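What follows is each chain in one-letter form.
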Amino acid sequence: MNTLELCAYGPVIPVIVLQRVEDAVPVAQALVQGGVRVLEVTLRTPVALRCLEAIAREVPQAILGAGTVRSAADARAALAAGACFAVSPGYTEAVGAACADLALPLLPGVATASELMAAQDGGHHFVKFFPASAAGGIPLLKALAGPFPEVSFCPTGGITPQNARDFLALPQVKVCGGSWLTPQDAIAAGDWPRITRLAQEAAALR
Ligand code: 3PG
């Protein structure tokens, strides 16, 4: 798989933070039911790898990725847990090389022209723009399109249902990432219908 293929499934990739293994499968099912199949489970909690394993095992419709991949070890663990792609908040040659060795497609994060050039040297022409809003939002994306017309972006960080359409209207933006589809209070309350509703709304953004 090429990470650009992830964009074919819908306009939003949910960034999911799970605190309890038992929430993993119902959260993934709720998103899939709402029409969102590409899922990024962040390696940000002690249970993240077990959550990936559970989703990989029990929700075959999900196209499952691991987020917050910051090292070669993270990449290896993500693949072993069942992730079929990786997302990193930034780009390092070490993470790029590890993912290449593992044949684990990587969506690397960049926020500047230099980082983008490094990611391109590593063969990445589809990148996460992170943290999108804090780093400069739409004006920065438009500015980067000048010297980097061939690059596609997944803005993530500060994307909301209100501003997602504006980001998605840019030709270089193929998909957005965001945590708003899986609010922590909805997960804690087991409010799966709310997550399905948020997924349906996100899937309809474009
Ligand atoms: C993150 O790293 O948490 C993601 O970028 C999501 O950001 P968000 O919570 O602003 O959507």
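Data block above holds the structure.
Bear in mind the structure is a predicted one, so any value in this text is a computation, not a measurement.

1. A few points about the site of the ligand
Lining the immediate environment of the ligand, one finds Val15, Arg44, Phe130, Thr156, Gly157, Gly158, Gly178 and Ser179. Contacts to the ligand include Gly158, whose backbone N or O atom sits 2.7 Å from an oxygen atom. Taking Ser179, its side chain carries an N or O atom lying 2.5 Å from an oxygen atom of the ligand. Looking at the shell around the ligand, its residues break down into 2 nonpolar, 5 polar and 1 charged.

2. Section: the nonpolar core
Leu18, Leu31, Leu39, Ile55, Phe153, Trp180 and Leu181 are the most contacted members of the largest nonpolar core, which has 62 residues in total. For this core, the element with the highest residue contribution is helix H1 (residues 21-33), accounting for 7 residues. Not counting residues up to four positions away in its chain, the partners in contact with Leu39 are Pro14, Ile16, Ala28, Leu31, Ala62, Ile63, Leu64, Gly65 and Phe85. Within the second largest apolar cluster, 11 residues are counted, among which are Val38, Ile63, Phe85 and Val87.

3. Some words on the side chain of Thr45
For Thr45, the location among the structural elements is in the loop between strand E2 (38-42) and helix H2 (48-58). According to the relative accessible area criterion, Thr45 is buried, its value standing at 12%. A distance of 2.6 Å separates a polar side-chain atom of Thr45 from the backbone oxygen of Leu18. In this view, Thr45 contacts Val17, Leu18 and Gln19; residues no more than four positions away in its chain are not counted.

4. A few points about the environment of Leu102
By the secondary structure assignment, Leu102 is in helix H4 (residues 93-102). When the C-alpha atoms of Leu102 and Ala75 are compared, they prove to be 8.1 Å apart, with 27 residues separating the residues in sequence. Those residues in contact with Leu102 that sit more than four places away from it in its chain are Ala75, Arg76 and Leu79.

5. Examining the sheet that holds strand E7 (residues 126-129)
The strand order E6-E7-E8 describes an open sheet built from 3 strands, whose pairing is parallel. Looking at strand neighbours, the two that pair on one side only are strand E6 (109-110) and strand E8 (152-155), the edges of this open sheet. Examined bridge by bridge, E6 and E7 share 2 bridges and lie parallel to one another. Bridge assignment links Val110 to a residue of E7, and that residue is Phe129.

6. Digging into the side chain of Asp23
Along the chain, the position of Asp23 falls in helix H1. We classify Asp23 as buried; its relative accessible area is 5%. Setting aside chain neighbours within four positions, we find Asp23 in contact with Leu18, Ile187 and Trp192.

7. Overview of the sheet that holds E2
Across the sheet, which stays open at both edges, the 6 strands sit in the order E5-E4-E3-E2-E1-E9 with parallel pairing between neighbours. Edge strands, defined here as strands with exactly one partner in the open sheet, are strand E5 (106-107) and strand E9 (176-178). Of the strand pairs in this sheet, strand E3 (residues 63-67) and strand E4 (residues 85-87) are connected by 2 bridges, and their pairing is parallel. Across the sheet, Gly65 pairs through a bridge with Phe85, a residue of E4.

Thresholds applied
- Residues numbered from 1 in each chain as written.
- Predicted model: local features only at pLDDT ≥ 70, side-chain atom pairs only at ≥ 80, totals over all residues.
- Heavy atoms only, no water.
- Near = heavy atom within 4 Å.
- Polar contact = N/O pair within 3.5 Å; in protein donor to acceptor, adjacent residues only side chain to side chain.
- Nonpolar A, V, L, I, M, F, W, Y, C, P; charged D, E, K, R; others polar.
- Core = buried A, V, L, I, M, F, W, Y, C linked by side-chain atoms within 4.5 Å.
- Buried < 20%, exposed > 50% of the residue type's maximum accessible area, 1.4 Å probe, protein only.
- Helix = DSSP H or I, 4+ residues; strand = E, 2+ residues; numbered from the N terminus.
- Contact = heavy atoms within 4.5 Å.
- Pairing = 2+ DSSP bridges.

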